[in-house]
Amino acid sequence: MSTARKHTALPKAEILIEALPWLTRHNGKIVVIKFGGNAMVDTALKAAFAQDVVFLRQAGLRPVVVHGGGPQINAQLEKHGLVSEFKAGLRVTTPEAMDVVRMVLAGQVQRELVGLLNQHGPLAVGMTGEDAHTITAVKHTPRIEGERVDIGRVGEITAIDTGAIEALLADGRIPVISSIARSADDHHVYNVNADTAAAALAAALGAETLMVLTDVEGLYADWPNSDEVISRLTVSELEKLLPELSSGMVPKMEGCLHAVRGGVSTARVIDGRVQHSILLEIFTDEGIGTMVVPDEQQRSEQSEQSDQRGGAQ
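Residues numbered from 1 in each chain as written. Predicted model: local features only at pLDDT ≥ 70, side-chain atom pairs only at ≥ 80, totals over all residues. Heavy atoms only, no water.

Caption draft 1: Spatial organisation of the packing of aromatic side chains. On inspection of all chains with the given rule, the structure shows two aromatic pairs. Taking the centre distance of 5.9 Å and the plane angle of 65° together, the rings of Phe55 and Phe283 count as edge-to-face. Here Phe55 is found in helix H2 (residues 43-58), whereas its partner Phe283 is found in helix H9 (residues 277-283), with 228 residues between them in sequence. Assessed through its relative accessible area of 6%, Phe283 is described here as buried. One Lys or Arg, Arg25, reaches over the ring of Trp22 and ends 5.7 Å from the middle of that ring. When the ring centre of Tyr190 is taken as reference, the NZ or CZ atom of Arg153 above it lies at 4.3 Å. (Phe/Tyr/Trp six-rings, centres within 6.5 Å; stacked < 30°, edge-to-face > 60°. Helix = DSSP H or I, 4+ residues; strand = E, 2+ residues; numbered from the N terminus. Buried < 20%, exposed > 50% of the residue type's maximum accessible area, 1.4 Å probe, protein only. Lys NZ or Arg CZ within 6 Å of the ring centre and 35° of its normal.)

Caption draft 2: Here's a closer look at the packing of H2 against helix H4 (residues 95-117). Where H2 meets H4, the axes come as close as 9 Å, and the angle between the chain directions of the two elements is 60°. The orientation of H2 with respect to H4, classified from their angle, is oblique. Between H2 and H4 lies a crossing whose hand is right-handed. For the pair H2 and H4, contact is made by Lys46, Phe49, Ala50, Val53 and Val54 and by Glu112, Leu113, Leu116 and Leu117, respectively. A per-class count over the contact of H2 with H4 returns seven nonpolar, no polar and two charged. (Axes fitted to C-alpha atoms, helices over the stretch in contact; angles between N-to-C directions. Parallel < 35°, antiparallel > 145°, perpendicular 65-115°, else oblique. Left-handed = near helix turned anticlockwise from the far one by under 90°. Contact = heavy atoms within 4.5 Å. Nonpolar A, V, L, I, M, F, W, Y, C, P; charged D, E, K, R; others polar.)

Caption draft 3: A look at the sheet that holds strand S10 (residues 174-178). Read from one edge of the open sheet, eight strands run S5-S10-S2-S1-S13-S15-S16-S14, paired in mixed fashion. Edge positions in the sheet fall to strand S5 (124-128) and strand S14 (232-234), since each of these pairs with one other strand and no more. Strand-to-strand twist in this sheet, taken as the mean axis angle between neighbours without regard to direction, amounts to 20°. Contacts from H4 reach strand S1 (30-35), strand S2 (62-67), S5 and S10 within the one sheet, and its direction differs from that of S5 by about 165°. (Pairing = 2+ DSSP bridges.)

Here it is as structure tokens:
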């Protein structure tokens with residue numbers, strides 16, 4: 001091999017070696033990834049996302065993908081002459097709108113994502129929260145200014161059954177789950193927030209990590225006065241910050257809280273506008289998002305990881 005070729009190959013080897021401790025630590029672990037934001041609508045980002053998820057699977061991790069589909073639902077509702085209305089940050093979902101939501105999530109967004117993943121092999125299997133009682137919900141009536149408000153077929157998760165997901169993982173597959181739930185008390189289905197669904201599934205599966213893709217770099221320390229991203233914070237620190245967060249970040253950060261409280265080792269919000277952000281977050285010293293950790297931070301491997309990230313940033 002020529003000297004020039006040795007030099008060009010060396011950085012590649014260094015990158016692989018940097019990933020080694022993370023590969024070892026995450027081997028066999030479940031990682032739940034919430035797919036959303038710009039990554040869902042940009043062709044290059046979608047392809048990079050699919051590559052990342054397949055890479056995780058081939059590297060010995062067990063990825064589970066959960067998705068919503070806000071932009072696609074809005075477009076389809078408009079086509080059907082239905083108005084998109086939001087209350088308390090949630091989509092008001094009439095029975096007519098619910099039909100569209102179900103069609104778009106299970107028949108369009110999920111199918112496209114499964115297709116992208118399966119370009120790399122017979123890996124992905126699509127399902128919704130309705131399948132095998134995976135997600136069960138009751139009607140959610142949020143409080144707005146002290147009053148309970150009816151926002152239609154929007155669900156609050158009451159139970160998770162991980163049996164079907166675990167069977168797929170045991171078979172080496174990548175489950176791709178649409179955020180629709182079966183009803184606990186009637187024969188309808190519910191639209192559930194995908195951030196909330198991903199967090200509930202991560203906790204129920206005993207996942208090592210929850211990753212939420214979003215359209216910002218992470219959680220900002222003092223937005224809008226500063227664009228400095230908080231690289232790591234504990235559950236207690238996050239609880240104090242929650243009342244000050246923008247409405248779009250609340251379900252994401254509440255999901256991270258729920259997951260870590262439920263036993264997930266770390267929950268991260270990462271910038272889905274960056275190609276291969278998942279790999280950068282999991283396999284590099286720097287990391288690129290905001291990581292939420294338990295208060296006690298007691299597992300030695302978590303402490304070690306946060307030390308490395310803190311030193312690198």
